[in-house]
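Report on the structure
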Amino acid sequence: MAVDASASAPKSDTERLHELGYAQELGRKMQGFSNMAVSFSIICILAGCLTTFYLVLYAGGGPAVVWGWPLVTVMSLFVAMSMGEVCSAYPTAGGLYYWSAKLAKKNAPLWSWTTGWFNLIGQIAITASVDFALANFIGGFLSLVSDYEPTKYSILFIYAVMLLIHGVLNSLGIRLIALINDISVWWQLAGVAVFLVVLVLLPDEHASAEYVFTTFQNNTGWSGPMSGIYVFFIGCLLAQYTITGFDASAHMTEETENAAVAGPKGMVTAVWLSGIAGYILLLALFFAIPAGYDTLTAAGSLITAPLPIIVDSIGAGGAKLLIGIACVAQFFCGNACLTANSRMLYAFSRDGAVPGHKLWHRINPRTRTPTNSIWFCAAAAFIAGLFSLRDAGGFPATFFAIVSIGVVGLYVAYVIPVFLRLRQGEAFERGPWHLGRWSYLVGWIAVVWVVFISIYFMLPQFSPITWASFNYAPVAFGLLLLFVYGYWLLSARKWFKGPQVMGTPEELAALEAELEAVIAGTAPASEFTAMEDEMERRPDER
């Protein structure tokens, strides 16, 4: 497939941002690698692959990884490439909801509203699910090195501490965030290499190639002539949950140099690199399963399912090393999730779509970060985690419900602007990074795939269906639809007009100059805030 990424942006990043209606308020300090690193950190194979590993133990076994992981990787790559083409045309922190507003032929505010809220709620859910899984893995690690016994209250406490630390780190400036995400890339790649070496060399025995590649497992309770295919795609949900969140590169474009090229490349590179590394990691885990091992024992651990497998395969000493590496990677992942989440809220609030928007789109003039948005997203994630106190019998229903909202919300938001771009046909004005003649084939495959997984994700995964095994995705999706469209019909349709122009190019330049003066210490922050307030009171509709 030919992808034309050679063209340079015809205008400076700031000039292009002015054309799109916004001032350069966020600090543009990121290089292309750091932009990609945010998406790669959020995908985080040492998080998604491990925390949902129970799925393939129940549904499909090795074949769901051997054949399902490459399938999902390729389909996700098509989604990322289609999104990248639109990102190159409109490199703004708002990303998806801005694209939908610009690409819709009719009802642009409604398309924008739908995309934005699905994106925002999906990101909050992903942030919550990642840090909640991290808290569980830290609990599992502590139980390996001490007499600690995890409880739902102690896990919630660890969860709160992780969110607090991530909030502090994100508030300290984009340079630190870029450094952390750069380290995250190498930590994850090195971590996968360590997993591979340890799981190849230390086990006394390994699973056979026949077991990994062809032994299909169905522990879901479903039976019948088509149950094999049905169960196979249930197992593929591991891959689909893992390869999620790559829109982060789009949300970081206002902080990235040569954004119209770096943003799309960041999304695409993060997906294919994660696909390769994740495949290696999962194969290493499956080959490390001892012969005759009862995988249901590990699957019963759910979020921490890999722990008993690793302990039984290489002993507690080696398990401490591998789980410790995974915990650090998951920490980086949660931090990157909060980064992208806060930028989405900042941008959506900048266009007045969120209650209290005047507060959430404020930036800290010293660090040039949306500090209020950072702490709002951290608080929202913690509130979601409070429902874990209601979980009974050790079954983390809250985690699965949050995962459902995250995956469904994000992928619906991903595909809407791609669909609208396809409807535009040749009227779409390409940016410097585009797919050329492959745009339509890649785009329609992406749309069909997302429709398929969105429906499939709603189906029951286990039989018989009980309160514990119930798939809460349809409930979560229904509540999301009720909120998004209920809010629209009752209120937002009267005032939300889509993305707004902050001011004229001269006014935007003046606002930027005032911000630089605040940073230099020659002007008080209050003057910058007053200029923002004045421009917000008289926006022009886009």
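Quantities reported herein were computed from a predicted structural model and do not represent experimental measurements.

1. What to know about the overall build of the protein chain
A count of helical and extended segments in the protein chain gives 24 helices and four strands. Here the C-alpha radius of gyration of the protein chain, 23 Å, is about what a compact globule of 542 residues would show, namely 24 Å. Its C-alpha atoms put the protein chain at 70 × 50 × 45 Å along the principal axes. By sequence separation, contacts in the protein chain at least 24 residues apart represent 84% of the contacts at least 6 residues apart.

2. Digging into empty space enclosed by the protein
In the structure shown here, the tally under the stated rule is six cavities of 30 Å³ or more. In this structure, the largest cavity occupies an estimated 220 Å³ of space. Around the largest cavity sit 20 residues that line it, and Y54, F400, S404, Q461 and N471 are the ones nearest its centre. For the lining of the largest cavity, the secondary-structure elements that each account for two or more residues are helix 4 (54-58), helix 13 (237-242) and helix 20 (397-424). Taken together, the residues of the lining of the largest cavity break down into 15 nonpolar, five polar and no charged. Its volume calculated, the second largest cavity comes out at about 90 Å³. Looking at the second largest cavity, it is lined by 16 residues, and the ones nearest its centre are I42, G48, V130, Y241 and C333.

3. Examining the pattern of salt bridges
In this structure the tally under the stated criterion is seven salt bridges. Across the salt bridge formed by R343 and E255, the nearest N and O atoms sit 3.0 Å from each other. Of this pair, R343 sits in helix 17 (residues 306-350) while E255 sits in the loop between helix 14 (248-251) and helix 15 (259-287), and the two are 88 residues apart along the sequence. Classification of E255 by relative accessible area gives buried; the value is 0%. In this structure, the salt-bridge partner of R368 is E516, at a minimum N-O distance of 3.0 Å. Separated by 148 residues along the polypeptide, R368 in the loop between helix 18 (357-360) and helix 19 (371-386) and E516 in helix 23 (residues 505-520) bring together distant segments of the chain. Residue E516 is classed as partly exposed on the basis of its relative accessible area, which comes to 42%.

4. A word on the packing of helix 2 (residues 32-43) against helix 17
Orientation of helix 2 relative to helix 17, taken along the N-to-C sense of each, is 120°, at an axis distance of 7 Å. In terms of their interaxial angle, helix 2 and helix 17 are classed as oblique. Between helix 2 and helix 17 lies a crossing of left-handed hand. Judged by residue contacts, V38, S41 and I42 of helix 2 engage F332, C333, A336, C337 and A340 from helix 17. Across the contact of helix 2 with helix 17, the residue classes break down as seven nonpolar, one polar and no charged.

5. Describing the side chain of T52
By secondary structure assignment, the location of T52 is in the loop between helix 3 (45-51) and helix 4. Note on T52: relative accessible area 3%, which makes it buried. Separated by 2.6 Å, the side chain of T52 and the backbone oxygen of G48 make a polar contact. Among residues more than four places away in sequence, those in contact with T52 are L238, Y241 and T242.

6. Describing the nonpolar core
Judged by nonpolar contacts, the single largest core of 194 residues is most densely connected at W99, F195 and F246. When residues in this core are grouped by element, the largest group, 23 residues, is from helix 17. What F246 contacts, discounting residues up to four positions off in sequence, is S39, I43, S76, V79, A80, M83, M267, V271, Y411 and Y414.

7. Observations regarding the confidence of the model for the protein chain
Mean pLDDT for the protein chain: 89, with 95% of residues reaching 70 or above. Mean pLDDT across the elements of the protein chain ranges from a minimum in strand 4 (residues 540-541), with 43, to a maximum in helix 6 (residues 68-89), with 97. Confidence drops under pLDDT 50 across residues 1-9; counting only partners more than four residues distant or on other chains, this segment forms 20 contacts.

8. Quick word on the packing of aromatic side chains
Inspection of every chain in the model, using the stated rule, returns 38 aromatic pairs. Relative to Y414, the ring of Y411 lies with its centre 5.0 Å away and its plane at 65°, an arrangement referred to as edge-to-face. Remark: Y414 and Y411 occur in helix 20; sequence separation between them is three residues, near one turn of the helix. A relative accessible area of 1% means that Y411 is categorised as buried. A residue is classified by how much of its surface remains accessible, and Y414, at 0% relative accessible area, is buried. Pairing W449 with F452 gives two aromatic rings, centres 5.6 Å apart and planes at 40°, and the pair type is tilted. Residue W449 and its partner F452 are both found in helix 21 (residues 439-456); the two are separated by three residues, about one turn of the helix. An aromatic cluster is defined as three or more aromatic residues linked by ring pairs; in this entry it consists of Y97, W113, W117, F348, F483, Y487, W488, W495 and F496.

9. Re the state of the cysteines
What we call a disulfide is simply a covalent bond connecting the sulfur atoms of a pair of cysteines. Taken as a whole and judged by the stated rule, the model has zero disulfides. As a non-bridged cysteine, C49 has C44 as the owner of its nearest cysteine sulfur, 8.7 Å distant. Classification of C49 as buried rests on a relative accessible area of 0%. The cysteine C377 is free of any disulfide, with C337 supplying the nearest cysteine sulfur at 11 Å.

10. Thoughts on unusual backbone geometry
Negative phi characterises most residues that are not glycine, and trans characterises most peptide bonds. In the segment running from S463 into P464, the intervening peptide bond is cis, with an omega of 0°. In the Ramachandran plot, C44 falls in the positive-phi region, its phi being about 40° despite a non-glycine side chain. You can see C44 is positioned in the loop between helix 2 and helix 3. You will see that N258, though not glycine, has its phi angle at about 50°, which is positive. Mapped onto the fold, N258 is located in the loop between helix 14 and helix 15. By relative accessible area, which is 36% here, N258 ends up partly exposed.

11. What about the environment of K29?
By the element assignment, K29 lies in the loop between helix 1 (13-19) and helix 2. Sequence spacing of K29 and F331 is 302 residues, and the spatial spacing of their C-alpha atoms is 23 Å. Not counting chain neighbours up to four residues away, the residues in contact with K29 comprise I174, R175 and E255.

Reading the values: rules and limits
- Residues numbered from 1 in each chain as written.
- Predicted model: local features only at pLDDT ≥ 70, side-chain atom pairs only at ≥ 80, totals over all residues.
- Heavy atoms only, no water.
- Helix = DSSP H or I, 4+ residues; strand = E, 2+ residues; numbered from the N terminus.
- Rg over C-alpha atoms; globule rule 2.2 N^0.38 Å.
- Contact = heavy atoms within 4.5 Å.
- 1 Å grid on protein atoms, 1.4 Å probe; cavity = no way out; pocket = protein on both sides within 12 Å on 5 of 7 lines; lining within 4 Å.
- Points joined across faces, edges and corners; volume = space filled by probe spheres on them.
- Nonpolar A, V, L, I, M, F, W, Y, C, P; charged D, E, K, R; others polar.
- Salt bridge = Lys/Arg side-chain N within 4 Å of Asp/Glu carboxyl O.
- Buried < 20%, exposed > 50% of the residue type's maximum accessible area, 1.4 Å probe, protein only.
- Axes fitted to C-alpha atoms, helices over the stretch in contact; angles between N-to-C directions.
- Parallel < 35°, antiparallel > 145°, perpendicular 65-115°, else oblique.
- Left-handed = near helix turned anticlockwise from the far one by under 90°.
- Polar contact = N/O pair within 3.5 Å; in protein donor to acceptor, adjacent residues only side chain to side chain.
- Core = buried A, V, L, I, M, F, W, Y, C linked by side-chain atoms within 4.5 Å.
- pLDDT = per-residue confidence, 0-100.
- Phe/Tyr/Trp six-rings, centres within 6.5 Å; stacked < 30°, edge-to-face > 60°.
- Disulfide = S-S within 2.5 Å.

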